[in-house]
Amino acid sequence: MSRLSDAFPKGRTALVCYVMGGDGDTAALLQAVDEAGADVIELGLPFSDPIADGPVLQAAATRALFSGATVRGVLATAGKLRLRAPVVAMGYMNPVERMGAAAFAKCLRDSGLCGAIIPDLPMEEAQPLRDALSAQGLDLVPLVAPTTPAERATAIARTARGFVYYVSVTGVTGARASLPEDLEKRLAELRAVSPVPVAVGFGISRPEQAAALKGKADGIVVGTALVKTAHESGVKAAADFVRSLRAVL
Amino acid sequence: MKEIGSILSGETLAPPDARGRFGEYGGRFVPETLIPALDELTRAWTAARADAAYKVELAVLLETYAGRPTPLFRAERLARELGLKGRVYLKREDLLHTGAHKLNNTLGQVLLARRMGKRRVIAETGAGQHGVATATVCALLGLECIVYMGELDVARQAPNVSRMQLLGAEVRPVTAGSRTLKDAMNEAIRDWVTNVRTTYYCIGSAAGPHPYPVMVRELQKVIGEEIARQAQDAEGRLPDAVVACVGGGSNAIGALHRFVREPSQDDEGQLGESHSISAGLDYPGVGPEHAWLKESGRASYTTCTDAAALEAFSALARAEGIIPALESAHALSAALAEAGRARLILVNLSGRGDKDLGTILEALK
């Protein structure tokens with residue numbers, strides 16, 4: 001098993017927290033989220049054309065790029081910290097392609113990261129990057145969507161390293177008033193075929209939504225709501241928010 | 001009509017492979033949510049392409065609604081005034097309904113959308129020609145139409161915004177990023193990710209995830225098929241060069257595909273080379289097939305300054321009474337440079353210039 005897989009505790013639903021690299025004081029935010037009890041941290045690599053993201057994360061990426069953030073710079077910031085939780089990069093394929101899969105993998109490893117999640121890299125295109133990451137001992141975390149047929153979901157889960165990311169809703173990242181009715185059923189089906197833990201994300205913003213998913217997935221991901229809190233109310237408020245989520249899991 | 005009906009017949013001889021790859025280019029780099037929709041689209045397209053009913057309906061609309069075949073016109077006065085040795089022909093896509101080649105593609109795709117049972121069609125547009133062409137066919141077929149357009153383009157291309165609205169489409173200005181075509185495409189993809197089960201995404205360029213590049217090429221290649229036939233009729237042979245402008249590349253791939261699929265070193269020397277030039281559109285990408293054609297040396301790509309395009313624009317307006325789109329003026333400029341040496345040059349006049357009058361009058365001051 002990998003460090004990422006091992007971060008999902010037995011008998012408790014893990015909390016996966018997303019931080020946009022380069023949006024505000026990333027070092028302070030990563031440290032605070034880590035101390036507040038995140039089991040896994042996703043470090044967003046800002047990109048100009050984030051097609052899977054809603055307005056909040058688009059704006060966060062734009063702020064980060066405007067203030068001069070780069071992929072290497074964001075990773076270097078994380079590399080200087082001693083975090084308890086494993087960190088996985090979340091970014092888009094174009095900057096990775098530009099850097100080269102091998103160089104990207106090396107850069108992740110040099111910064112102490114455990115792997116990557118690339119939302120615009122479907123199964124058919126993933127092998128070169130998966131191999132490059134694997135050569136550095138790192139995981140490529142694939143995504144499964146509500147529209148993914150069962151057979152394909154099984155095939156995707158078979159390629160997974162670290163964990164599988166289940167996208168809860170058809171749509172982009174961002175808070176939702178309610179989650180789909182068949183979410184629990186889809187999660188159960190995916191967990192039955194996946195050799196690695198299954199985390200669920202997109203649309204989860206409140207402790208009561210997190211509580212409702214307790215035990216239904218191996219982990220839940222909170223991104224937009226955390227980025228919004230950190231940006232609007234600061235690092236301390238973000239840490240309080242993480243503690244409030246952790247308390248219900 | 002029989003000839004138009006034959007456009008979708010026959011095998012696809014050139015790439016892509018089953019994964020949509022042209023050499024190293026192409027493929028699918030979109031969220032997983034869309035992959036099953038792209039698979040569904042590929043199946044629907046493959047079935048439609050083989051279905052006589054679909055092909056006949058498309059052929060009838062291309063002839064009776066869009067105005068195909070478009071004429072091939074010899075620009076004799078222009079060549080004489082510029083003292084060119086070569087003969088220059090214009091493929092008059094500017095005479096197609098809605099004023100550009102875009103309708104070839106949207107007719108095929110929106111017919112496909114209806115066939116797939118999708119009642120909601122979305123599109124991205126830059127200058128507005130693809131948006132107008134999509135809105136036009138949605139009006140014709142009674143489908144809901146939403147067009148994403150960068151806020152800057154909404155301001156620059158106000159007449160096309162009004163046209164789309166008159167046709168019953170909703171135009172949604174996009175305020176993200178650079179507020180141009182790239183951002184309109186991002187926003188259309190976000191809409192599609194969200195409404196994928198009910199919505200058809202009609203892409204206007206020979207770009208985007210597979211199967212769009214090959215589908216757009218197959219729907220646009222009628223331009224090149226007609227060019228080959230009309231050149232045979234007019235000159236008894238194929239042209240020495242076919243010139244088109246490239247933004248995302250749909251008119252160019254449509255005009256060139258008939259020719260690049262021939263062996264590029266033909267023993268009979270029928271075809272010298274194909275030329276394309278940048279239209280300088282506000283889009284930082286190009287279709288995967290163009291990337292592949294460039295790398296494999298089967299087409300050559302050059303650039304053209306705005307000043308040279310404006311010169312060609314003015315010359316055509318004065319000598320032949322044709323006001324071309326700014327994009328087409330770029331292709332014309334490269335064609336005229338080529339006509340100094342090659343004997344028979346054919347330029348794809350992809351659209352008419354009404355939408356650009358403001359820009360052109362400003363630049364000519």
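Described below are features of the structure shown in this document.

Analysis parameters
Residues numbered from 1 in each chain as written. Chains lettered and ligands numbered in written order. Predicted model: local features only at pLDDT ≥ 70, side-chain atom pairs only at ≥ 80, totals over all residues. Heavy atoms only, no water. Phe/Tyr/Trp six-rings, centres within 6.5 Å; stacked < 30°, edge-to-face > 60°. Helix = DSSP H or I, 4+ residues; strand = E, 2+ residues; numbered from the N terminus. Buried < 20%, exposed > 50% of the residue type's maximum accessible area, 1.4 Å probe, protein only. Lys NZ or Arg CZ within 6 Å of the ring centre and 35° of its normal. Contact = heavy atoms within 4.5 Å. Buried area = accessible area lost by both parts, 1.4 Å probe. Polar contact = N/O pair within 3.5 Å; in protein donor to acceptor, adjacent residues only side chain to side chain. Nonpolar A, V, L, I, M, F, W, Y, C, P; charged D, E, K, R; others polar. Core = buried A, V, L, I, M, F, W, Y, C linked by side-chain atoms within 4.5 Å. 1 Å grid on protein atoms, 1.4 Å probe; cavity = no way out; pocket = protein on both sides within 12 Å on 5 of 7 lines; lining within 4 Å. Points joined across faces, edges and corners; volume = space filled by probe spheres on them. Salt bridge = Lys/Arg side-chain N within 4 Å of Asp/Glu carboxyl O. Axes fitted to C-alpha atoms, helices over the stretch in contact; angles between N-to-C directions. Parallel < 35°, antiparallel > 145°, perpendicular 65-115°, else oblique. Left-handed = near helix turned anticlockwise from the far one by under 90°.

This part is about the packing of aromatic side chains. All names here are of chain B. This model, assessed by the stated rule, comprises six aromatic pairs over all chains. Ring plane angle 55° and centroid distance 6.1 Å describe the contact between Y201 and Y212, whose orientation is recorded as tilted. One end of the pair, Y201, is in strand β8 (residues 199-202); the other, Y212, is in helix α10 (residues 212-220), with eleven residues separating them in the sequence. Of the residues examined, Y212 reaches a relative accessible area of 1% and is grouped as buried. Linked through ring pairs, W192, Y201 and Y212 together constitute an aromatic cluster. Looking at R258, its charged tip hangs above the ring of F259, at a distance of 5.7 Å from the centre.

Every contact between the two is made by 26 residues of chain A and, on the other side, 22 residues of chain B. In this assembly, chain A packs against chain B so that about 2000 Å² is buried in total across both faces, 51% of it on carbon and sulfur atoms. On the chain A side of the interface with chain B, the three residues burying the most area are I51, E125 and T147 of chain A, jointly 31% of the side's total. At the surface where chain A touches chain B, the tally comes to 13 residue pairs in polar contact (both at pLDDT 80 or more). Here the residues of the side of chain A that touches chain B are counted per class, giving 14 nonpolar, six polar and six charged.

With that out of the way, let us pick up the nonpolar core. Of all hydrophobic cores here, the largest spans 68 residues; its most connected members are V33, F104, L108, L129, V200, I220 and V222 of chain A. When residues of this core are assigned to their parent elements, the largest contribution, eight residues, is made by helix α11 (residues 224-248) of chain A. With residues up to four places along the chain from it excluded, the contact list for I220 of chain A reads T13, A14, L15, V16, V200, I204, A210, L213 and L249 of chain A. Formed by 60 residues, the second largest nonpolar core is a distinct cluster that contains L38, L58, L96 and V137 of chain B.

Moving on: empty space enclosed by the protein. Residue and element names in this part refer to chain A. Under the criterion given, the structure shown has six cavities of 30 Å³ or more. Size it by volume and the largest cavity reaches roughly 220 Å³. For the largest cavity, the lining is made up of 28 residues, of which Y18, D53, L57, T173 and G223 are closest to its centre. When residues of the lining of the largest cavity are traced back to their parent elements, those giving at least two are β1 (14-20), α3 (55-66), β9 (219-222) and α11. Split by residue class, the lining of the largest cavity holds 19 nonpolar, seven polar and two charged. One number sums up the size of the second largest cavity: a volume of about 140 Å³. Partitioned by chemical class, the residues of the lining of the second largest cavity number twelve nonpolar, one polar and two charged.

Let's shift gears to α10 of chain B. With nine of its nine residues buried, α10 of chain B lies for the most part within the structure. Those residues of α10 of chain B lying buried are Y212, P213, V214, M215, V216, R217, E218, L219 and Q220 of chain B.

Pairing is possible between side chains that carry opposite charge, provided their charged atoms lie close to one another. All names here are of chain B. Under the defined criterion, the tally for this structure stands at 43 salt bridges over all chains. Among the salt bridges present, the one from D191 reaches R120, with a minimum N-O distance of 2.9 Å. Of this pair, D191 sits in helix α9 (residues 181-195) while R120 sits in strand β5 (residues 120-125), and the two are 71 residues apart along the sequence. Residues D191 and R120 agree in their burial class; the two are buried. Where K355 meets D356, a salt bridge forms, and the shortest distance between an N and an O atom there is 2.8 Å. Across this residue pair, the class does not change: K355 and D356 are buried. The structure contains a network of salt bridges with shared partners spanning R49, R217, E218, K221 and E289.

A few words now on the packing of helix α3 (residues 52-66) of chain B against helix α5 (residues 102-115) of chain B. Residue and element names in this part refer to chain B. α5 packs onto α3 with a crossing angle of 140° between their chain directions and a minimal axis gap of 10 Å. When the interaxial angle is binned, α3 and α5 end up oblique. Considering only the axes of α3 and α5, their crossing is right-handed. Side by side, α3 and α5 meet where Y54, E57, L58, L61, L62, Y65 and A66 of the first sit next to L103, N104, L107, G108, Q109, L111, L112, R114 and R115 of the second. Among the residues forming the contact of α3 with α5, the class breakdown is ten nonpolar, three polar and three charged.

That's the geometry; what it means functionally is another story.
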